[in-house]
Structures are given as structure tokens and as C-alpha cells.
Amino acid sequence: MTNVRDDGQRRHVFIRTYGCQMNVYDSDRMADVLRPLGYAIADAPDQADLVVLNTCHIREHASEKVYSELGRLRDVKLERRAMGRDLTIAVAGCVAQAEGEEIVRRQPAVDIVVGPQAYHRLPELLAEAARKADLRRAGKRLPGAGVLDTDFPAESKFDHLPAPQGVRAGSAFLSIQEGCDKFCTFCVVPYTRGAEYSRPAAAVLAEARQLVASGAVELTLLGQNVNAYHGEAPCSSAGEATWSLGRLIRALAEIEGVARLRYTTSHPRDMDDELIAAHRDVPPLMPYLHLPVQSGSDRILEAMNRRHGRDLFLRLVDRLRDARPDLALSSDFIVGFPGESDGDFDDTMRLVEQVGFASAFSFKYSRRPGTPGSAMPDQVPEAVKSARLSALQALLGGQARAFNASKVGTVVPVLFAEDGRRTGQIIGKTPWLQSVHVDGNRRLIGHVVDVRLTEGHANSLAGEIVVRGFEAAA
Ligand code: 5AD
Ligand code: SF4
């Protein structure tokens, strides 16, 4: 395959990312895989020769969005064909993994279906799709429509991916762990992302150094169950066969230029002593933790197969706050899991009141085919789910506003990440992951700068830059 089209123009790829930060990471890595083939990034599908939808299957709503987008892309493809050009459509991510061939059956315009463990093979898949398109143009009838790769290959994709390129605004994601062995009864992840796998610590450290060299000052370590990390220890690490996440964080913090470390998403059962100690002892580890609890009812937690009860979670919160008193906690909640009574929901509300969250994500239970939860009796009516979600979100929203307001008047380091909506406005993140809007020079993007916080809102803060010397020198 050449890196230019027949008309001499450069090829472009548009990648649309749905869902979690793992998908954001995977999309960036797909761009890295496609770059050597000559693909530049397009800002919109109509400028692209290849469109990749990197999909999410976690809730029904998320996967249905993919099919509507595919319908729109089919129309673009038909318009293109009428003009003698083509559009290649690829579906990647968890819908690709879960639904495989069904995608091509539902939307025959799709050329490639590639799972989250196989996208390092995109060059081969594209070549195969191009070959099939040529044959079809020559009038050949082909048995299957799209090209499919939803394997969990024996080789790790990480051994085949090129070095990451293009750190965005000082902050980079670094995938250290994938898959999940927990099998919560509502969740598709163990099926779409497969068994737990931890990258060797040496590979993680090497990627971290590359990211820092290309401008990252903040690294967010990613994994579906990131604190279950147990990667092979580096050869230099005598006596230890594997490293825990706490150990890895200590090593990453020693890399010159790493100002901020974060990790997501964690499971309460895997918060071990070494990780809690890292929150106390490692200054670059930011005082923010996303720790999904899902429910405050022991009965529902048991039915969810969460492997922890309400007390374990509350005790963990106490230990974490002892280690790091200014820790901001975030969580995920599901309301309306099968069998959830008013009393169970009340337990969730009481847990939220007891803990006090700085931010949170909450969802109505969504029945996912193939998971044990979808076959459970006592599914909760939609109207009950909606009422519970509104009550929970009102409580969590009030806590987020109170948390933001508690920081007003203080001066905090902010890592600027992007332009604001208004000209002259830039947006960054506090150590507690709140968004802050300030008037400032966009050359501050990618840098950590002191900001005095002046206003707190539901989802963000406003502030003003304290040290303007950097702007003058820049
Ligand atoms: N229905 C609703 N929410 C779900 N989540 C995962 N599966 C489901 C489901 N079937 C939520 C959980 C998880 C987050 C990423 O998505 O809260 O922590
Ligand atoms: Fe899904 Fe997280 Fe449970 Fe794993 S631990 S099954 S990813 S909710």
C-alpha cells in the first residue's frame, strides 16, 4: 500500500473514540500504527479515506450509538463511490470484540472489524480490505464482506506497537494492564477485554521515559483493573519476581520530569498496603482516586459478585484518608441492579453521605447480553431506575459543588491542557482533577502553573494565574 491516494493526495484517517480512557489510549496507538503507512489525522469523517470507530460496549446506549454512526458513514461511502473514490470503514474496540461478524451483517458497508487486542495488525487488515475491494470492483463475488480480526493473539500487541508519538498538552495515558478476571455480574469487560494481563515493568518504564521525552509531565496509568497490576519486575530488581502498582508508581516517580502521576480504574479488593503507602509517600501521585463502589448495599454487592462489602469500602476510605488527608474520592454507581429494593438504594444513599465524594459517575443498570445479571429475575422497572438515578445524582452533584467551593480562595498548581471556549481562555486541571478556566496565554498549555481559584461551580472552577513571569519570558 502506498502512502498517497491515486490522485496524489495524502491519505487521512479519522478516529472517533467512544467510552473510557483505555479507548482514548488505543485510538492514539492506532494513529501511531497508521502513521508509517502515510496516514495523517483528519478532523472530520468527510476529509478522511479511512474512518475508525473505536467503540464501547459497556452499556446498551453506548453500542447503539455506533450503529447510528455507521449508518451515516455508509451514506458518505455511497456518495464517495458515486464520485469514483472510496471510504474504508473500520470498527474497533469492545463492540468489535463482542459482536464480531454481526456488525458486518447489520452494516455491510463496514470493511474491517478489529478487536482491542489485535489493532497492531491494522496494516495487514487494511491491505486485505483493499484487495477485497479491488476484487469486488472487478466484479468478483466474495463470500464474506468485511475483514475480521477479533483474536486474543498469543503475542502481546504491546510488543508490536511503535513508540508513542505526539503527547497532548503535557498529559499522557500509559496503558499498563488490560482485561479483568473479576466477573462482576453486570459487566461485559471480562468478555470483551479478556483475562487480566500486566505489562512488564521494564516496558512500562521505557514507555514512560519516551512520553516524558516527548513532553509529558503527567502520566495517567491505565487498566480495566489497574490496581490488580502485577507486572514482571525489571532484571535490576533483585529478589522480586513481580511489581505491584505501588512499587511501579514509586519507580515512575523517580523519572526526571514526571510531575504528576494518576491511575485508573481501580477495584476496592486490590487496594493493597503498598499502594495506600504510595498515596502517603510519593509526592507526584496526585491526591485523587477513582474507586468504583457500585452500590452501598451488601446484598446487591454480593449479587453483583463485587467480592467486597460496604464495610471493606468504608474501611479503605478511612485508611486512604489517613495516608493522604486531602485525597479527593470519585466513584461509579449503578442504580436498579436486578433485585435492588428501596432499602438497598437507601444504603447506597447513606454510603454516599458517609463518604463524601468529590465527583462521581452514576448509571442506570443496563442489561448486557451474556452477563449473569441480564438473566437475573426481578429486573427493576425503568421508571424506578430513573427516579433513583435522579435522587443519587442530586446528592452527588451537591457534594461535587461543595468540594469545588471548598477550594475557592486557595492557590493550587494547575496543569493546562487545552484552549477554552472563549478566545484568551485556557483550561487545566487541579491536583484533584477539577477543571479550571482562566484567562491566560495558550503557551502555558502543557505546563503546571499556580492559579488562585476564584469561583466554584458544579463541574469546574474559575481562577486567575498567580505567576505571570512565565508568560513574560515565553
Ligand atoms: N449497566 C450500567 N452500568 C454499568 N457499568 C458497567 N457495566 C454496566 C451495566 N451493565 C458501569 C460501572 C463501571 C463503569 C465503567 O460502568 O459503574 O464501573
Ligand atoms: Fe467490570 Fe470492573 Fe467488575 Fe472487572 S472489576 S468485571 S471491569 S466492573
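Refer to the preceding data block for the structure.
Residues numbered from 1 in each chain as written. Chains lettered and ligands numbered in written order. Predicted model: local features only at pLDDT ≥ 70, side-chain atom pairs only at ≥ 80, totals over all residues. Heavy atoms only, no water.

### Quick notes on the site of ligand 2
Then comes step 1: For ligand 2, the full set of nearby residues is Cys-180, Lys-182, Phe-183, Cys-184, Phe-186, Cys-187, Val-189, Pro-190, His-267 and Arg-306.
Then comes step 2: Tallied by class, residues from the shell around ligand 2 come to 7 nonpolar, 1 polar and 2 charged. (Near = heavy atom within 4 Å. Nonpolar A, V, L, I, M, F, W, Y, C, P; charged D, E, K, R; others polar.)

### Looking at the pattern of salt bridges
Then comes step 1: The final tally for this structure, using the stated rule, is 34 salt bridges.
Then comes step 2: Where Glu-69 meets Arg-72, a salt bridge forms, and the shortest distance between an N and an O atom there is 2.8 Å. With Glu-69 and Arg-72 both in helix H2 (residues 60-82) and 3 residues apart, this pair spans about one turn of that helix.
Then comes step 3: The partner of Glu-382 in a salt bridge is Lys-385, and the shortest N-O contact between them spans 3.7 Å. Here Lys-385 and Glu-382 lie together in helix H13 (residues 382-407), a separation of 3 residues that amounts to about one turn.
Then comes step 4: Each of Arg-29, Asp-32, Arg-35, Arg-199 and Glu-207 takes part in a single network of salt bridges with overlapping partners. (Salt bridge = Lys/Arg side-chain N within 4 Å of Asp/Glu carboxyl O. Helix = DSSP H or I, 4+ residues; strand = E, 2+ residues; numbered from the N terminus.)

### Focus on helix H11 (residues 310-323)
Then comes step 1: If you check H11, its first and last C-alpha atoms are 20 Å apart, about what 14 residues at 1.5 Å a residue would give, namely 20 Å.
Then comes step 2: All of the buried residues in H11 are Arg-310, Phe-313, Leu-314, Leu-316, Val-317, Leu-320 and Ala-323. (Expected span 1.5 Å × (residues − 1). Buried < 20%, exposed > 50% of the residue type's maximum accessible area, 1.4 Å probe, protein only.)

### Brief notes about the site of ligand 1
Then comes step 1: All residues adjacent to ligand 1 are Ile-58, Arg-59, Phe-186, Gln-294, Asp-332, Ile-334, Phe-363, Lys-364, Tyr-365, Ser-366 and Arg-368.
Then comes step 2: Gln-294 places a side-chain nitrogen or oxygen 2.7 Å from an oxygen atom of ligand 1.
Then comes step 3: The fraction of the free accessible surface of ligand 1 (400 Å²) that becomes covered by protein chains is 87%.
Then comes step 4: Looking at the shell around ligand 1, the elements with two or more residues in it are strand S15 (328-335) and strand S16 (359-364).
Then comes step 5: Taken together, the residues that form the shell around ligand 1 break down as 5 nonpolar, 2 polar and 4 charged. (Polar contact = N/O pair within 3.5 Å; in protein donor to acceptor, adjacent residues only side chain to side chain. Areas by Shrake-Rupley, 256 points an atom, 1.4 Å probe, with all protein chains shown as cover.)

### Notes on the nonpolar core
Then comes step 1: In terms of nonpolar packing, the biggest core is built from 54 residues, with Ile-176, Leu-245, Leu-248, Ile-249, Leu-252, Tyr-263 and Phe-357 touching the most fellow members.
Then comes step 2: If sequence neighbours within four positions are ignored, Ile-249 has contacts with Leu-221, Leu-261, Tyr-263, Leu-275, Ala-278, Val-282 and Leu-285.
Then comes step 3: Counting residues in each nonpolar core, the second largest holds 25 residues, with Met-22, Ala-118, Tyr-119 and Ala-129 among its members. (Core = buried A, V, L, I, M, F, W, Y, C linked by side-chain atoms within 4.5 Å. Contact = heavy atoms within 4.5 Å.)

### With respect to unusual backbone geometry
Glycine aside, negative phi is the norm for most residues, and most peptide bonds take the trans geometry.
Then comes step 1: The amide bond that connects Thr-264 to the next residue, Thr-265, takes the cis arrangement and shows omega of 5°.
Then comes step 2: On the secondary structure map, Thr-265 appears in the loop between strand S13 (260-264) and helix H9 (273-281).
Then comes step 3: For Asn-305, which is not glycine, the phi dihedral falls at a positive 55°.
Then comes step 4: Relative to the assigned elements, Asn-305 resides in the loop between helix H10 (298-303) and H11.
Then comes step 5: Judged by relative accessible area, Asn-305 falls into the partly exposed class, the value being 29%.
Then comes step 6: Positive phi values are uncommon outside glycine, yet Asp-378 reaches one of about 60°.

### Some words on the sheet that holds strand S10 (residues 218-222)
Then comes step 1: Pairing in this open sheet of 3 strands is parallel, and the strands run S7-S10-S13 from one edge to the other. Edge positions in the open sheet fall to strand S7 (171-175) and S13, since each of these has one partner strand only. For this sheet, the mean inter-axis angle between neighbouring strands, taken without regard to orientation, is 20°.
Then comes step 2: With 5 bridges joining them, S7 and S10 adopt parallel strand pairing. Its bridge partner being in S10, Ala-172 is matched across the sheet by Leu-219.
Then comes step 3: This element, helix H7 (residues 201-213), spans S7 and S10 of the sheet and lies at about 165° to S7.
Then comes step 4: Taken strand by strand, helix H8 (residues 245-253) contacts S10 and S13, and its axis lies near 155° from that of S13. (Pairing = 2+ DSSP bridges. Axes fitted to C-alpha atoms, helices over the stretch in contact; angles between N-to-C directions.)

### Section: the side chain of Ser-244
Then comes step 1: For Ser-244, the position within the fold is in strand S12 (residues 242-244).
Then comes step 2: Side chain to side chain, Ser-244 and Glu-274 meet in a polar contact 2.5 Å long.
Then comes step 3: When near neighbours in sequence (up to four residues on either side) are disregarded, Ser-244 contacts Tyr-229, Asp-272 and Glu-274.

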